[in-house]
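Residue-level structure breakdown
Next come the chains, spelled out residue by residue.
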Amino acid sequence: MTRHFLRDDDLSPAELIEVLDLADAMKAEPFEHKPLTGPRTVALVFDRPTLRTQVSFSAGIAELGGHPMTVDGGLAAMGSREGVEDVARILGRQAAAVVWRTAHQHDLTTMAEYAGVPVLNALTDEFHPCQLLADLQTVREHKGRLAGVRVAFVGDGACNMGNSWVLAGASAGMHVVVGAPDGFSPDVDVLARARDIAQDTGGSVELTAEAVEAVKGADVLVTDSWVSMGREEESGERLRIFPPYAVTGDLLAHAEPDAIVMHCLPAYRGKEIAEDVIEGPRSVVWDEAENRRHAQKAVLTWLLERS
Ligand code: NVA
């Protein structure tokens with residue numbers, strides 16, 4: 001059976017740890033693992049802006065001995081010139097795996113149904129699971145463990161990163177608190193699924209509308225842009241609603257004294273995160289950005305081995 005990575009819970013809690021262990025091994029010896037020798041090609045398809053995802057997958061696939069083939073989703077005109085079902089079968093005949101950034105999760109699911117090779121989610125409106133692998137690798141590096149670690153996600157809890165944090169955090173046995181205004185909580189079905197997973201892993205997921213409440217006692221403070229891709233026309237309203245959730249030095253003071261601060265980037269300094277926080281000693285955002293490469297190499301290798 002072909003394995004895919006479309007959302008965070010496509011990996012069981014035990015599989016998640018296997019992938020993170022492999023990511024650590026690949027980080028320690030970046031040129032020792034060559035499952036794409038050939039070179040085998042991996043298709044990287046982008047319908048939306050990208051920087052970290054394109055460069056980290058491209059560099060990582062090269063390190064694995066493979067060839068990254070970037071496909072401009074605009075040029076391919078997927079969904080208008082030809083349907084996802086057809087594109088999937090074209091890509092699956094050329095590439096060992098397909099990595100796709102697009103708006104709708106259901107399109108990604110269709111790609112996975114038809115491609116015949118592993119499909120990886122490089123961000124949709126609903127989930128950003130590759131980022132979460134890098135984030136969990138980063139937390140483990142800085143905190144030495146995942147289970148029992150307290151995470152506060154403050155800001156737009158309804159965005160892809162909010163959904164992915166509750167799912168992946170629960171899988172890792174972490175205690176995740178989302179501090180978000182009413183109407184901006186993670187998806188209800190995703191929350192229910194995360195709470196189910198947490199029952200087995202010893203983790204937990206809580207919601208609050210108070211940023212300070214969310215951050216109290218946190219070991220890890222996470223935020224993301226208040227205006228995700230595709231939400232640009234809501235930016236006026238969002239910039240009025242979200243300022244109480246900004247990650248400033250004052251908010252950080254409510255977390256544990258050794259709390260780390262995370263952001264998947266791009267960051268809007270002075271909006272969701274203060275300049276002195278992102279540039280300060282508690283920020284691990286550059287480690288997160290680097291770990292995209294190691295974590296994605298690991299999950300790609302893991303999926304190919306099991307498919
Ligand atoms: N929530 C953000 C993540 C960017 C990597 C967005 O979707 O734009």
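The structure this text deals with has already been given above.
Calculation notes
- Residues numbered from 1 in each chain as written.
- Predicted model: local features only at pLDDT ≥ 70, side-chain atom pairs only at ≥ 80, totals over all residues.
- Heavy atoms only, no water.
- Core = buried A, V, L, I, M, F, W, Y, C linked by side-chain atoms within 4.5 Å.
- Buried < 20%, exposed > 50% of the residue type's maximum accessible area, 1.4 Å probe, protein only.
- Helix = DSSP H or I, 4+ residues; strand = E, 2+ residues; numbered from the N terminus.
- Expected span 1.5 Å × (residues − 1).
- Arc of directions from axis to C-beta.
- Polar contact = N/O pair within 3.5 Å; in protein donor to acceptor, adjacent residues only side chain to side chain.
- 1 Å grid on protein atoms, 1.4 Å probe; cavity = no way out; pocket = protein on both sides within 12 Å on 5 of 7 lines; lining within 4 Å.
- Points joined across faces, edges and corners; volume = space filled by probe spheres on them.
- Nonpolar A, V, L, I, M, F, W, Y, C, P; charged D, E, K, R; others polar.
- Pairing = 2+ DSSP bridges.
- Axes fitted to C-alpha atoms, helices over the stretch in contact; angles between N-to-C directions.
- Contact = heavy atoms within 4.5 Å.
- Lys, Arg positive; Asp, Glu negative; His and termini not counted.
- Salt bridge = Lys/Arg side-chain N within 4 Å of Asp/Glu carboxyl O.
- Near = heavy atom within 4 Å.
- Areas by Shrake-Rupley, 256 points an atom, 1.4 Å probe, with all protein chains shown as cover.
- Phe/Tyr/Trp six-rings, centres within 6.5 Å; stacked < 30°, edge-to-face > 60°.

Section: the nonpolar core
Ranked by internal contacts, the top residues of the largest apolar core, which has 88 residues, are Leu120, Leu133, Leu136, Trp165, Met174 and Leu300. For this core, the leading source of residues is helix α13 (residues 285-305), giving 8 residues.

Focus: helix α8 (residues 188-201)
Between the first and last C-alpha of α8 there are 20 Å, a value that for 14 residues agrees with the 20 Å anticipated at 1.5 Å per step. Where α8 is concerned, the buried positions are Val190, Leu191, Ala194, Ile197 and Ala198. Down the axis of α8, the sector holding all buried residues measures 125°, keeping them to one side. Residues Val188, Asp189, Gln199 and Asp200 are exposed on α8 and point more than 90 degrees away from its buried face. Two or three places before Asp189, at the opening of α8, Asp187 has a side-chain oxygen 3.0 Å from that residue's backbone nitrogen. Downstream of α8 by a residue or two, Gly202 has a phi angle that is positive, lying close to 85°.

Brief notes about the layout of surface pockets
The computed volume of the largest pocket comes to approximately 720 Å³. Leu123, Asn160, Asp224, Ser228 and Met229 are the residues nearest the centre of the largest pocket, which is lined by 37 residues in total. Secondary structure elements with two or more residues in the lining of the largest pocket: α2 (52-63) and α7 (160-171). Per-class residue counts for the lining of the largest pocket are 14 nonpolar, 10 polar and 13 charged.

Observations concerning the sheet that holds strand β5 (residues 150-154)
Strand order in the open sheet made by the 5 strands is β7-β6-β5-β8-β9, with parallel pairing throughout. Strand pairing shows two members of the sheet lacking a second neighbour, β7 (204-208) and β9 (260-263), which therefore form its edges. Neighbouring strand axes in the sheet, compared pairwise and without regard to direction, differ in orientation by 20° on average. Relative to β7, strand β6 (residues 175-179) runs parallel, the two sharing 5 bridges. Counterpart to His175 in the pairing with β7 is Ser204. Where helix α6 (residues 129-143) meets the sheet, it contacts β8 (220-223) and β9, and its direction lies at approximately 165° from that of β9.

Let's talk about empty space enclosed by the protein
For the structure on display, the rule yields 1 cavity of 30 Å³ or more. Its volume calculated, the largest cavity comes out at about 40 Å³. Phe5, Asp8, Leu11, Leu16, Pro129, Leu132, Leu133, Leu136, Ala168 and Ser171 together form the lining of the largest cavity. Those elements that provide at least two residues to the lining of the largest cavity are α6 and α7.

Description of the environment of Met229
For Met229, the position within the fold is in the loop between β8 and α10 (235-241). Given a relative accessible area of 25%, Met229 falls into the partly exposed group. Remark: the alpha-carbon pair of Met229 and Thr124, spanning 105 residues in sequence, is separated by 9.4 Å. Apart from the residues lying within four places of it in its own chain, the contact partners of Met229 are Arg48, Pro49, Arg101, Leu123 and Asp125.

A look at the side chain of Arg52
For Arg52, the location among the structural elements is in helix α2. Nearest to the buried, unbridged Arg52 among oppositely charged side chains is Asp224, at 8.6 Å. Among the polar contacts listed, one links the side chain of Arg52 to the backbone oxygen of Cys264, at a separation of 3.5 Å.

Observations regarding the site of the ligand
Around the ligand sit Leu123, His128, Cys159, Asn160, Asp224, Ser228, Met229, Cys264 and Leu265, and that is every residue in its neighbourhood. Side-chain polar atom of Asn160 to a nitrogen atom of the ligand: 2.7 Å apart, as the coordinates give it. Side-chain polar atom of Asp224 to a nitrogen atom of the ligand: 2.6 Å apart, as the coordinates give it. In isolation the ligand offers 270 Å² of accessible surface; the protein chains occlude 93% of this area. In the shell around the ligand, the residues fall into 5 nonpolar, 3 polar and 1 charged.

Re the packing of aromatic side chains
Counted under the stated rule, the structure contains 3 aromatic pairs. Note on Phe184 and Phe242: the rings are 5.0 Å apart at their centroids and 65° apart in plane angle, and the pair reads as edge-to-face. Taken together, the residues span a long stretch of sequence, with Phe184 in the loop between β6 and α8 and Phe242 in the loop between α10 and α11 (249-252) at a distance of 58 residues. No difference in accessibility class separates Phe184 from Phe242, as the two residues are buried. Ring geometry for Trp226 against Phe242: centres 5.9 Å apart, planes inclined by 20°, an arrangement best described as stacked. Residue Trp226 is located in the loop between β8 and α10, and its partner Phe242 is located in the loop between α10 and α11; the two are separated by 16 residues in the primary sequence. Each member of the pair, Trp226 as well as Phe242, carries the same accessibility label: buried. Put simply, the rings of Phe184, Trp226, Phe242 and Tyr245 pair up and form one aromatic cluster.

These figures capture arrangement, not role.
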